[in-house]
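Coordinate inspection notes
Here is how the chains run, residue by residue.
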There are 2 protein chains.
Amino acid sequence: MPEDNKLEAIRHSLSHLMSMVIEEMHPGTGLGVGPSVDDGFYQDYDLAQVINPEMLPKIEKRMRELIKRDIKFEQHDVSFEDAYEFYENDPYKTEMINDLKAKGETQVSFYKSGDFDNLCAGPHVVSTVEINPEAFKLTRISGAYWRGDEKNKMLQRVYGVAFANKDDLAQYLERMEQAKLRDHRRLGKELDIYTTSQLVGTGLPLFTPRGTVLRDVMSQYSNQIRIGYGFEKVWTPHITKIDLYQKSGHWDKFGEELFLVTSQETDDKMALKPMNCPHHAQIYASRPRSYKDLPVRYLETTTDYRDEKTGELGGLDRVRSLTQDDSHVFCSPEQVEQEISNLMATASELYSTIAMKLRVRLSYRDDSDAYLGEKTLWESAQAQLKSAVIANNLEYFEQDGEAAFYGPKIDFMATDAIGREHQVATVQLDFVQPGRFGLQYTDAEGNLQTPLMIHCAILGSIERFLSVFIEHTAGWFPFWTAPEQVRVLTINDTVLDYVSEITAILDGITLMKPIKYNDIRYKIDDRNESLGKKIREAANWKIPVQLIVGPRDKDNREVSVRTQSGEEKLKLDNLADYLHKL
Amino acid sequence: MPEDNKLEAIRHSLSHLMSMVIEEMHPGTGLGVGPSVDDGFYQDYDLAQVINPEMLPKIEKRMRELIKRDIKFEQHDVSFEDAYEFYENDPYKTEMINDLKAKGETQVSFYKSGDFDNLCAGPHVVSTVEINPEAFKLTRISGAYWRGDEKNKMLQRVYGVAFANKDDLAQYLERMEQAKLRDHRRLGKELDIYTTSQLVGTGLPLFTPRGTVLRDVMSQYSNQIRIGYGFEKVWTPHITKIDLYQKSGHWDKFGEELFLVTSQETDDKMALKPMNCPHHAQIYASRPRSYKDLPVRYLETTTDYRDEKTGELGGLDRVRSLTQDDSHVFCSPEQVEQEISNLMATASELYSTIAMKLRVRLSYRDDSDAYLGEKTLWESAQAQLKSAVIANNLEYFEQDGEAAFYGPKIDFMATDAIGREHQVATVQLDFVQPGRFGLQYTDAEGNLQTPLMIHCAILGSIERFLSVFIEHTAGWFPFWTAPEQVRVLTINDTVLDYVSEITAILDGITLMKPIKYNDIRYKIDDRNESLGKKIREAANWKIPVQLIVGPRDKDNREVSVRTQSGEEKLKLDNLADYLHKL
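A brief report on the enclosed structure follows. Treat the numbers as computed from the prediction; the structure is a model and nothing was measured. (Residues numbered from 1 in each chain as written. Chains lettered and ligands numbered in written order. Predicted model: local features only at pLDDT ≥ 70, side-chain atom pairs only at ≥ 80, totals over all residues. Heavy atoms only, no water.)

Let us now look at the environment of E402(A). All names here are of chain A. Here E402 shows up in the loop between β18 (395-400) and β19 (409-415). Along the sequence, E402 and R365 sit 37 residues apart, while their C-alpha atoms lie 6.4 Å from each other. Excluding residues within four positions of it along the chain, E402 makes contact with S363, Y364 and K409. (Helix = DSSP H or I, 4+ residues; strand = E, 2+ residues; numbered from the N terminus. Contact = heavy atoms within 4.5 Å.)

Turning our eyes to something else, we now look at the sheet that holds strand β5 (residues 108-113) of chain A. All names here are of chain A. Pairing in this open sheet of 3 strands is antiparallel, and the strands run β4-β5-β6 from one edge to the other. Two strands bound the open sheet, and with one partner strand each, they are β4 (73-78) and β6 (116-119). Looking at each pair of strands side by side, their axes are set apart by 25° on average, direction ignored. Pairing geometry for β5 and β6, over 4 bridges, is antiparallel. The residue bridging Y111 from the neighbouring strand is N118, located in β6. Contacts from helix α4 (residues 91-102) reach β5 and β6, with the element oriented near 45° to β6. (Pairing = 2+ DSSP bridges. Axes fitted to C-alpha atoms, helices over the stretch in contact; angles between N-to-C directions.)

Residue and element names in this part refer to chain B. Put simply, helix α11 (residues 336-353) and helix α12 (residues 375-391) touch, their axes get as near as 8 Å, and they point 40° apart. Taken together, the axes of α11 and α12 lie oblique to each other. Every pair of crossing elements has a handedness; the one defined by α11 and α12 is right-handed. From α11, V336, E337, I340, S341 and M344 reach across to α12, where they touch Q384, L385, S387, A388 and V389. A per-class count over the contact of α11 with α12 returns 6 nonpolar, 3 polar and 1 charged. (Parallel < 35°, antiparallel > 145°, perpendicular 65-115°, else oblique. Left-handed = near helix turned anticlockwise from the far one by under 90°. Nonpolar A, V, L, I, M, F, W, Y, C, P; charged D, E, K, R; others polar.)

By size, the foremost hydrophobic cluster in this structure holds 61 residues, and its most contacted members are I340(A), L350(A), Y351(A), I354(A), I410(A), F412(A) and I454(A). In terms of residue count, the dominant contributor to this core is helix α11 (residues 336-353) of chain A (7 residues). In this structure F412(A) touches M344(A), A347(A), L358(A), R359(A), V360(A), L394(A), H422(A), Q423(A), V424(A), A425(A), T426(A) and V427(A), once residues within four positions along its chain are discounted. Within the second largest apolar cluster, 60 residues are counted, among which are M356(B), L358(B), L385(B) and I454(B). (Core = buried A, V, L, I, M, F, W, Y, C linked by side-chain atoms within 4.5 Å. Buried < 20%, exposed > 50% of the residue type's maximum accessible area, 1.4 Å probe, protein only.)

Moving on: the interface of chain B and chain A. Between chain B and chain A, the contact holds 67 residues from the first and 67 residues from the second. Of the roughly 5500 Å² buried between chain B and chain A on both sides combined, carbon and sulfur atoms contribute 57%. In terms of surface lost to chain A, no three residues of chain B exceed L199(B), W235(B) and Q264(B), which account for 14% of the buried area on that side. Seen at the junction of chain B and chain A, the total is 8 salt bridges. Here chain B is connected to chain A by 44 residue pairs in polar contact (both at pLDDT 80 or more). The dominant element in the side of chain B that touches chain A, judged by the number of residues it contributes, is helix α7 (residues 209-228) of chain B, at 4 residues. When the residues that make up the side of chain B that touches chain A are grouped by side-chain class, the tally is 24 nonpolar, 22 polar and 21 charged. Where strand β13 (residues 260-262) of chain A lies against strand β13 (residues 260-262) of chain B, 3 bridges are found, and the strand directions are antiparallel. Within the sheet, the bridge partner assigned to L260(A) lies in β13(B) and is T262(B). (Buried area = accessible area lost by both parts, 1.4 Å probe. Salt bridge = Lys/Arg side-chain N within 4 Å of Asp/Glu carboxyl O. Polar contact = N/O pair within 3.5 Å; in protein donor to acceptor, adjacent residues only side chain to side chain.)

Attention now moves to the packing of aromatic side chains. Following the criterion strictly, the structure yields 35 aromatic pairs over all chains and no others. Ring centres 5.8 Å apart and planes at 20° place the aromatic pair Y87(B) and F110(B) in the stacked group. Residue Y87(B) is found in the loop between α3 (80-86) and α4 (91-102), and its partner F110(B) is found in strand β5 (residues 108-113); the two are separated by 23 residues along the sequence. Judged by its relative accessible area of 1%, F110(B) falls in the buried class. An aromatic cluster is present here, built from Y351(A), F465(A), F469(A) and F477(A) joined pairwise through their rings. The cationic tip of R11(A) hangs over the ring face of F163(A); the distance from NZ or CZ to the ring centre is 5.1 Å. (Phe/Tyr/Trp six-rings, centres within 6.5 Å; stacked < 30°, edge-to-face > 60°. Lys NZ or Arg CZ within 6 Å of the ring centre and 35° of its normal.)

Here the focus is the relation of the copies chain B and chain A. When chain B is fitted onto chain A, the two copies agree to an RMSD of 0.3 Å after a turn of 180° and an axial shift of 0.1 Å. Classification of the inter-copy transformation places it as that of a two-fold axis. It is V261(B) whose C-alpha, among those of chain B, lies nearest the rotation axis, at 2.4 Å. Looking at chain B, 100% of its interface residues are interface residues in chain A too, so the copies touch through the same face. (Least-squares fit on C-alpha atoms with pLDDT ≥ 70 in both.)

Residues and elements named next belong to chain B. The complete set of buried residues in helix α16 (residues 531-540) reads K534, I535 and A538. Seen end-on, α16 carries its buried residues on one side only, within an arc spanning 95°. When the buried face of α16 is taken as reference, the exposed residues oriented beyond 90 degrees from it are R536 and N540. Once α16 ends, the next one or two residues include K542, with phi positive near 55°. (Arc of directions from axis to C-beta.)

This is the structure in structure tokens:
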């Protein structure tokens, strides 16, 4: 059995063991779903008694005892008749059996472990001895509606994590501890990056001045690199008649995920845009194009709206207002490799600058007929994608059958400072949409041809990117991105004239890397407060460079530079140089 | 009689004279509305025969004949009974009489001129001799629904213009001719600034790369000046639950002008934001504020959506997607004057840079009780507004009773190159909204106080601003705003190495005024085409600086600089200097 499958069997078996214990403690408990998930498992319970966190160690202890008893998991098939009878008064299991019947199954699968017999498709371990009793932990409890539908009863969901061995568990728990400290929701508030308002609504964060600097700096960087490759900025409105999506084909696929917009003055049926390609295609279509004009490359940092379930929203990682650093290339088939390579180089530069390691997934078509566009075009494009990835020295893996129906794609995964991998940028080829909109260019022979389209966002959703970036940096943003890059702290008022000299130097500095024209963002803390308090506050704000200035510094024409890594004296004459090198 | 009223009487009388002629030519013609308007008059006709432009001179000629006959306009009152009888078979007049009756009038007013007797409230001239027969002109014909409702019959509307004397008419016609040449709809297409798409919808322009440069440059300038006064950028989503507007009070006032947003996943009742103040108030409210933090100044260039009637939309002057360079100051009452003064200075700098003369209207409250907020607060604020206007040397006039119910305001009017005045920026005080949202700050004594709010946009709607700016400049944009600032035109391929030297110089130039960090936007035209063709194309694009480079220029290390005002030779060594001085 491959390691992953074995771990899945262990996790799923632990979920059964947990139910055995709860059933033992509270006979007649109703069982909702109880799958294995990433890192562990959970099980939903219908139980009058509230399960509270204090009870979890007791349940764990009893589970360990059961594990040591070498209990076997035995699969057996049961007729629908017997299954219904077995679960006669259980509404949850009865509904699950109904579903299996509706699917056309002829019988249902049960797993028996000890006295506990349970409707279940597996997989499970053969015996509990395969489970390391020290490598699992019950972690938390939450409410969960039966079938995720808030019209149904709320059940109690108990979560656990489980690994092959104790070290893996310890590592995981340590990482969770780290993640908690870095939680972007907490830091977002502490560092005054964004806020939310119940009057505005869930999943619609508002960005404060500090957060807006982060948004602008990152978007500027992402754009700056692409502008170097010939991209040009465009601007499109956030709404459109749904005619646009009927023509593009998005209406049939994503119509239900759109926010609909009603005009009270007209009969226009409209929607908020959930993506920008159809709008950009309209700009391409606004003039005749020649092969000499290609590639046409558009760039727009703009906000898309997606009608996510509010239960899934929170923080910046999942929002209803997604600002994309979106771009679209319209080019000929021969131009694909170079264009892809430019976008790879853009992503590589950006993520290496923020110290995140990238790897990519190449998603190809398979042999089925689920794909539109000529097969030779697909094969050539897939080969060009791969060449571009190799040319950019990116770690990659390939997956057949994972492409969108309209073209192959490249997904970028970035690893953060505590080892978690996040999907970030995407490059998507599109053989279909240009044809749907009748986009054309005149080739060298004077014939009309249809261009192909490359969709690409480097940061992806800026909101989601920031959720990753805040946790990756733990709020100690790299100097060039920090909302407040420098704070000058005075020891007393005798140094105010010297502070003017310092600010004159700061005002004269314009950093050119990684983003161009970065005038230093600084503040002066010359309040009549103790230095200790000023330092504590600056540290709480995680200001990357704190310049402490006292009478002796003034006499020596020095400053004390405090950073995350310590404190050092610096000659005033060297300050500009020092900041340029950060 | 004041001049304005006299002109109104002349225009209205001309409308009657036109109807006399049409009635003479086509007895039994139905008459819709026929008012005097800015610069002239119009009249709607229900007539089987199509009135075409060729007929207008003939109608004008006959009107001139009538004018010379010294026809008197005589008012007489008529009972409702007689009025209904007079217009027995006329549905339009009958409806108008109905309206007067519904209003509670006791009789109706008619004006008789010659044999032509017409339901009319006036005013009119006493005799046609007061009308200068050479100072009017019939200008155009359009369709117009009866009462502006597309469910009603479409009538034929004939427009005329009229002035006190021949010179005024000639001046007006010349200005119209100028305006036609400068029409931003035509230039917007010719200069590839924006496009529209029937799939996206009316009033929702999409901006091409060239248009996006104009948007960005102007918004950057407007922001840059304010950032110098301590404003900070924020970011807010384009949608909100309507709860926000219920709390702010906007829902009651503007609810019908909003685009409503429907979530298919939730029951949230939402809307597209038509303004940004309530969103910004949420950011202010997200932290406790002390008097030491005030003024808090937020800035956001963001797009608002207003559900305008599509019949009123066209070009950029009236759109449904309005991008505002919006800002809000939260401050104490004593800080108003300084803040207003900063905003005045911002507007003055911006409009003087683009050579538009500003004057302002100060809108005050009157003695009625239609206003919220303490009267002493109003008086102090109005005095501060006026001081700020005077301190900034702005031409101004004052109007009592023109303030919004929540505070006095300043409207800025800018005059364009052909003498038309456009309303642009606004500064609006607000004594009400901060209280509605419960905004607070702690004053020096530790008591909680409510700040007041100053709303201000400098460009206003960027789309509308651009419609004015394009017509003001006739598409010859000032150097710093031009989408393509410089184009290098080669005479032949022998100069390509020399062109590299030129582009190296251009790449090295970063202009700092009026906007900082303006890298030169240039293109090379080294196609194998005739110089004449290249120059024609560059002139059509209205590129402000065209650098023509031939073999002799290369030998002499010169370039020929072509601008709107002519051509001159320039030493290559002086090129950077030349561009810096533009």
